[in-house]
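# Inside the fold
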Amino acid sequence: MPPVRQLRVSFRTFGCKLNQAETEAIADGFSAAGAAVVGPGEPADLVVFNTCTVTSKAEQKARREMRLALRRNPEAVAVVTGCYAELEPEAVVAVAPRCVVVPGSRKGALASMAEGLVAARLEGLDPLDELRRLAALASGREADPFAFVPGDALFHSRPQLKVQDGCDNRCAYCRVCLARGRSVSLGPDEVLRRALALESRGVPEIVLTGVNLSQYRSGGLDFPGLLEALVAGTENIAFRLSSYEPDRADERFFAAFTLPRVRPHLHLSVQSGSDAVLASMGRRYRRDAVLRAAEAARAARGDPFIGADIILGFPGEGDDDFADTVDLLERIEPAWVHAFTFSPRPGTRAFDMRPKVPERVAVERAAVVQAIAERGKAAFAARRAGAIVDAVIESSAESGGPAFATSAEYLKLEVRGAPDGFEGACSCRVDAPEAGLPADGSSIGGSVDATAAFIRT
Ligand code: SF4
């Protein structure tokens, strides 16, 4: 009889911050139940895949990694959850016999399955049978979309706090709303209780996340109301927003956005700068709303980090439409842009839309937007040269080497002079570009935007 050993679990997350927040909480549940949470490439008994369905590439990647993980660990079980598993469970199960699907809408039950799986392992049982039994039980129960309480931040020192899920909009290209359903919100008292628990553990910053934060509604509060309640109910923890809809970034929103401890970082789900494309996407605003939101953000916070999501190659996007997108970006001068090429998704209105934009053209347009993003990031970093900024060290220094941090303005910093082993809130002085950044404005490699000198905690 082989020696009984601890259940080893590894996690693989695809897609958005919300998926990351959920994986983190599930991993915490397994760790608390006595399982060993191991790294992605390490031998494991369970490999949990939290999948994404935003692009076909994300699904292909998940399937490929499932096969790889099971080839590496022939006795392991791939537990597949998330939006892809919610919408196409058959396609997932077909990947390999030792794949078990827990639909995204039942993801919240995974952490509560940990104890049963740990016990099964200690009894030397094959986790596959136990997992199938627990998954069948979970499928018959109402799932709690907020069963994801941030714990010991196994993977991030700026934990994500899920406060909203789902979306009531039905944008033409979007499968997320199909996978995650209607908008639901976590009660403000519970949000505050979770934030206070993190604050009491010395966590310096929380990232508030959801599918569409602007649709937060609970206890008579909208999202600005929630932010006000969080700042009023806590003492020193900072709040960062994952992303926001341009048309909902109104006066009430910016009143809350100016509050102390709200990070000067606004990521807008823009998608296009062409009114015609925005209309065919089914977006609820036009380019002037984006211009207003960027202007109001600067009026509220001086020079905040403004980010944007842009889809290139949406059906019908002509050269003039693309020129409108470039023009809009040059007007709002974002510090970063996530440029995505359109991916036709089954079950969405855009799937059959025509005329299609050739993939080559979409990729070329994305490269132009990527260049705008890099110029914007370098200019944003350069504007902070010599400034003392608040930051959170997320990866500590060792033997006098550099630490890595995220500043309040969302700059990724390589910090020298930080005490070995220190993680948490600190102040740093950002170097002038010539000291660290090459003159051509590109990052000094990896995900570092600037170098900085540690000042104090
Ligand atoms: S706002 Fe549109 S793109 Fe965003 S989740 Fe909702 S339906 Fe999808």
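Residues numbered from 1 in each chain as written. Predicted model: local features only at pLDDT ≥ 70, side-chain atom pairs only at ≥ 80, totals over all residues. Heavy atoms only, no water.

### Quick look at the overall build of the chain
The condition is simple: For helices the rule is a DSSP run of H or I covering at least 4 residues; for strands it is a run of E covering at least 2, with both sets numbered from the N terminus onward. We compute the radius of gyration from the C-alpha atoms alone; for a globule the expected value is 2.2 Å times N to the 0.38, where N is the number of residues. The contact rule is simple, with two residues in contact once any of their heavy atoms fall within 4.5 Å. Methods summary: accessible areas were calculated by the Shrake-Rupley approach with a probe of 1.4 Å, and residue burial reflects only the protein chains presented. The sign given to each residue is positive for Lys and Arg and negative for Asp and Glu; His and the chain ends receive no count. In plain terms, the charge of a residue is placed at NZ if it is Lys, CZ if Arg, CG if Asp and CD if Glu.
A tally of regular secondary structure across the chain gives 15 helices and 20 strands. Radius of gyration (C-alpha) of the chain: 22 Å, near the 23 Å computed for a compact globule of 457 residues. With the principal axes as the frame, the chain shows a C-alpha extent of 65 × 55 × 45 Å. Of the contacts formed within the chain by residues at least 6 apart in sequence, a portion of 73% connects residues at least 24 apart. With an accessible surface of roughly 18900 Å², the chain has 53% of that area assigned to carbon and sulfur atoms. The centroid of the 55 positive side-chain charges in the chain is displaced by 3 Å from the centroid of its 60 negative side-chain charges.

### So, the packing of helix α1 (residues 17-32) against helix α5 (residues 110-122)
Spelled out, the test is: In this description, a line fitted to the C-alpha atoms serves as the axis of each element, helices being fitted only across the stretch in contact, and the angle between N-to-C directions of two axes falls anywhere from 0 to 180 degrees. Oblique is the label for every angle not falling under 35 degrees (roughly parallel), over 145 degrees (roughly antiparallel), or within 65 to 115 degrees (roughly perpendicular). In this scheme the crossing of two helices becomes right-handed for a clockwise turn of the near helix relative to the far one and left-handed for an anticlockwise turn of less than a right angle.
Direction vectors running N to C along α1 and α5 enclose 25 degrees, while the axes themselves pass 8 Å from each other. As far as their axial angle goes, α5 and α1 are roughly parallel. The two elements α1 and α5 cross, and the hand of that crossing is right-handed. On the side of α1, the interface is formed by I26, G29 and F30, while α5 contributes L110, A111, A114 and L117.

### So, the pairing of strand β14 (residues 305-312)
The criterion, for reference: Exposed residues in this analysis have more than 50% of their type's maximum accessible area, buried residues have under 20%, and partly exposed residues fall in between, with area computed by a 1.4 Å probe over protein chains only. Pairing between strands is defined by DSSP: at least two bridges between them are needed. Classification remark: right-handed applies to a crossover when, strands pointing away from the viewer, the course from the first strand over the helix to the second runs clockwise.
With respect to burial, β14 is a largely interior element, 8 of its 8 residues being buried. Here β14 shows a buried face lined by F305, G307, D309 and I311 and a second buried face lined by I306, A308, I310 and L312. Where strand β13 (residues 265-271) and β14 come together, 5 bridges link them in parallel fashion. Bridge pairing in β14 links H265 to F305. In this sheet, strand β15 (residues 336-341) lies alongside β14 in parallel orientation, the contact comprising 6 bridges. Considered in β15, the bridge of G307 is made with W336. Handedness of the crossover joining β14 and β15 through helix α13 (residues 319-332): right-handed.

### Describing the environment of S427
Secondary-structure assignment places S427 in strand β19 (residues 424-430). The spacing of S427 and R416 is 11 residues in sequence and 12 Å in space, taken between C-alpha atoms. Once residues within four sequence positions are removed from consideration, S427 is found in contact with I388, V389, D390, A453, F454, I455 and R456.

### Let's talk about the nonpolar core
Quick note on the threshold: The set of buried Ala, Val, Leu, Ile, Met, Phe, Trp, Tyr and Cys residues whose side-chain atoms join them within 4.5 Å is what this entry labels a nonpolar core.
Grouped together as the largest cluster of nonpolar side chains are 65 residues, with contacts concentrated most on Y173, L208, F223, F239, F253 and F314. The residues contacting F253, other than those within four sequence positions of it, are F223, P224, L241, Y244, R248 and L266. L7, A33, A35 and V79 belong to the second largest nonpolar core, which has 27 residues in total.

### Notes on helix α8 (residues 188-200)
How we decide: Here a helix's expected span is defined as the number of its residues, less one, multiplied by 1.5 Å. The reported arc concerns the directions from the helix axis to the C-beta atoms and nothing else.
Look at α8: 18 Å from first C-alpha to last across 13 residues, which is about the 18 Å you get at 1.5 Å a residue. Among the residues of α8, those classed as buried are P188, V191, R194, A195, L198 and E199. One side of α8 carries all its buried residues, which in axial view fall inside an arc of 140 degrees. Counted as exposed and oriented over 90 degrees from the buried face of α8: D189 and S200. The secondary structure elements touched by the buried residues of α8 are β6 (160-162), β9 (205-209), β10 (217-218), β11 (221-222), α9 (223-233) and β12 (238-241). Of the residues one or two after α8, G202 is the one with positive phi, at around 80 degrees.

### Details of the sheet that holds strand β1 (residues 8-13)
Whether parallel or antiparallel, the strands of a sheet pair through hydrogen bonds between backbone atoms. The strand order β2-β1-β3-β4-β5 describes an open sheet built from 5 strands, whose pairing is parallel. Two strands close off the open sheet at either side, each with one partner strand: β2 (36-37) and β5 (99-101). Across 2 bridges, the pairing between β1 and β2 is parallel. Looking at β2, one finds that R8 is bridged to A36. Together, β1, β3 (46-51), β4 (77-82) and β5 form the strand contacts of helix α2 (residues 56-72), whose direction differs from that of β3 by roughly 180 degrees. Strand contacts of helix α6 (residues 127-139): β3, β4 and β5, with the helix running at about 15 degrees to β5, the strand carrying the most contacts.

### Points about α2
End to end, α2 covers 24 Å across 17 residues, agreeing with the expected 24 Å (1.5 Å per residue, within 8%). The complete set of buried residues in α2 reads A58, E59, A62, E65, M66, A69 and L70. The buried side chains of α2 occupy one side of the element, clustering within an arc of 130 degrees when seen end-on. In α2, the exposed residues that point more than 90 degrees away from the buried face are K57, R64 and R71. Summarising the contacts, the buried residues of α2 are in contact with β1, β3, β4, α3 (83-87), α4 (89-93) and β5.

### Some points on the domain arrangement of the chain
We apply this condition: For the purposes of this description, domain bounds are those given by an automatic or database domain assignment.
Once the domains are mapped, the chain shows domain 1 (8-139), domain 2 (160-381) and domain 3 (388-454). The C-alpha-based centres of domain 1 and domain 3 are spaced at 35 Å.

### Side note on the packing of aromatic side chains
Spelled out, the test is: When the centres of two rings from Phe, Tyr and Trp lie within 6.5 Å, Trp using its six-membered ring, the rings pair. Their planes under 30 degrees apart give stacked, over 60 give edge-to-face, and anything left gives tilted.
This structure, assessed with the given rule, holds 11 aromatic pairs. Seen in terms of ring centroids, Y173 and F314 are 6.3 Å apart; in terms of plane orientation they differ by 85 degrees. Their pairing is edge-to-face. Linking Y173 in the loop between β7 (164-165) and α7 (176-180) with F314 in the loop between β14 and α13, this pair joins segments that are 141 residues apart in sequence. Relative to Y244, the ring of F223 lies with its centre 5.6 Å away and its plane at 50 degrees, an arrangement referred to as tilted. In this pair, F223 sits in helix α9 while Y244 sits in the loop between β12 and α10 (251-257), placing the two residues 21 residues apart along the sequence. Judged by its relative accessible area of 0%, F223 is buried.

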